[in-house]
Amino acid sequence: MISVRYRDNRGVVEMGWLSSRHSFSFGHYYDPAHMGFRALRVINEDRVIPGAGFPTHPHRDMEIISYVLDGGLAHKDTLGTSSTIRPGDVQRMSAGTGIRHSEYNASAEAPVHFLQIWILPEREGMPAGYEQKNFSDEEKRGRLRLVGSHDGRDGSITIHQDVDLYATLLEEGGAVTHSLNPDRHAWVQVARGTATLNGIELRAGDGAAVSRETALTIASNTGAEVLLFDLA
């Protein structure tokens, strides 16, 4: 069973400096029919104007992943981390027992476009932590590259939850397949371009919840960047 969350039905936030689209309930946007999927709690597609961003604020007991599509995202936190996240980077911040951080557009001239992803941790009260790794286009082109996992295998970032996160870059006419165990679920998010999921058309910003499917084929006639979450 595949249920599509179409981009035009997402929550909308327009704040001048921030343009955001929420796949699930978040902040002032509340839809009881879309509170997350399995351990996946938030997918926000954010665009921030040059020089602006989110001032220092707290989090706890959440795995927060940033995936930048264009531009740079400057991150600082109370662990002492100071970094810039750019396309190809995958950042995981474990809020754990508590952390404060800020996120700003790293450029004074160009906007930043990124996905903010929240995943519920396997348990509460873990230590706060931070990890960031880069995955080249070559690693993702025409294949599903594991970029996040519970055990950090294959050089992926470590996520404190039973989830495998894959990223792929599909060229025109490209396709990838993923085998899904019968007791597993998946969420597929099209980050850019257009694609099909088992023949169902998806556009940039569309997501799809998958259950009771054992084989997933993601294909594109135009080129696409896609994230796939394999979930308990």
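Below you will find a few notes about this structure. Keep in mind the model is a prediction, meaning the values are calculated, not measured.

In this section: the overall build of the protein. Within the protein one finds one helix and 21 strands. For 232 residues, the compact-globule estimate of 2.2 N^0.38 gives 17 Å, and the C-alpha radius of gyration of the protein, at 17 Å, lies within 12% of that figure. Principal-axis analysis of the C-alpha atoms places the extent of the protein at approximately 45 × 40 × 40 Å. Taking as baseline every contact in the protein between residues at least 6 positions apart, the subset at least 24 positions apart corresponds to 69%. Only carbon and sulfur atoms are counted for the fraction: they give 49% of the accessible area of the protein, which is about 10100 Å². Looking at charge distribution, the protein has the averaged site of its 23 positive side-chain charges lying 3 Å from that of its 30 negative ones.

Our focus in this paragraph is unusual backbone geometry. Of note in this structure, Asn198 is not a glycine but carries a positive phi near 50°. Note on placement: Asn198 falls in the loop between β17 (185–197) and β18 (200–203). At Arg212, a position not held by glycine, the phi torsion is positive, near 60°. Among the structural elements, Arg212 can be located in the loop between β19 (207–211) and β20 (215–220). Given the relative accessible area of 63%, Arg212 is considered exposed.

Moving on, we come to the sheet that holds strand β7 (residues 73–77). Spatially, four strands are ordered β5-β10-β7-β8 in an open sheet, and the strand pairing comes out antiparallel. The sheet terminates laterally at β5 (53–59) and β8 (82–85), the two strands that pair on one side only. Each neighbouring strand pair of the sheet contributes to a mean axis angle of 20°, computed without reference to strand direction. The pairing of β5 with strand β10 (residues 99–105) spans five bridges and is classified as antiparallel. The residue bridging Gly53 from the neighbouring strand is Tyr104, located in β10.

On to the pairing of β19, then. Along β19, five of the five residues are buried, which leaves the element largely enclosed by surrounding structure. Residues Gly207, Ala209 and Ser211 point to one face of β19 and Ala208 and Val210 to the other, with burial holding for every one of them. Two elements, β17 and β19, share five bridges in a ladder whose sense is antiparallel. Across the sheet, residue Gln189 finds its bridge partner in β19, namely Gly207.

Definitions and cut-offs
- Residues numbered from 1 in each chain as written.
- Predicted model: local features only at pLDDT ≥ 70, side-chain atom pairs only at ≥ 80, totals over all residues.
- Heavy atoms only, no water.
- Helix = DSSP H or I, 4+ residues; strand = E, 2+ residues; numbered from the N terminus.
- Rg over C-alpha atoms; globule rule 2.2 N^0.38 Å.
- Contact = heavy atoms within 4.5 Å.
- Areas by Shrake-Rupley, 256 points an atom, 1.4 Å probe, with all protein chains shown as cover.
- Lys, Arg positive; Asp, Glu negative; His and termini not counted.
- Charge placed at Lys NZ, Arg CZ, Asp CG, Glu CD.
- Buried < 20%, exposed > 50% of the residue type's maximum accessible area, 1.4 Å probe, protein only.
- Pairing = 2+ DSSP bridges.
- Axes fitted to C-alpha atoms, helices over the stretch in contact; angles between N-to-C directions.

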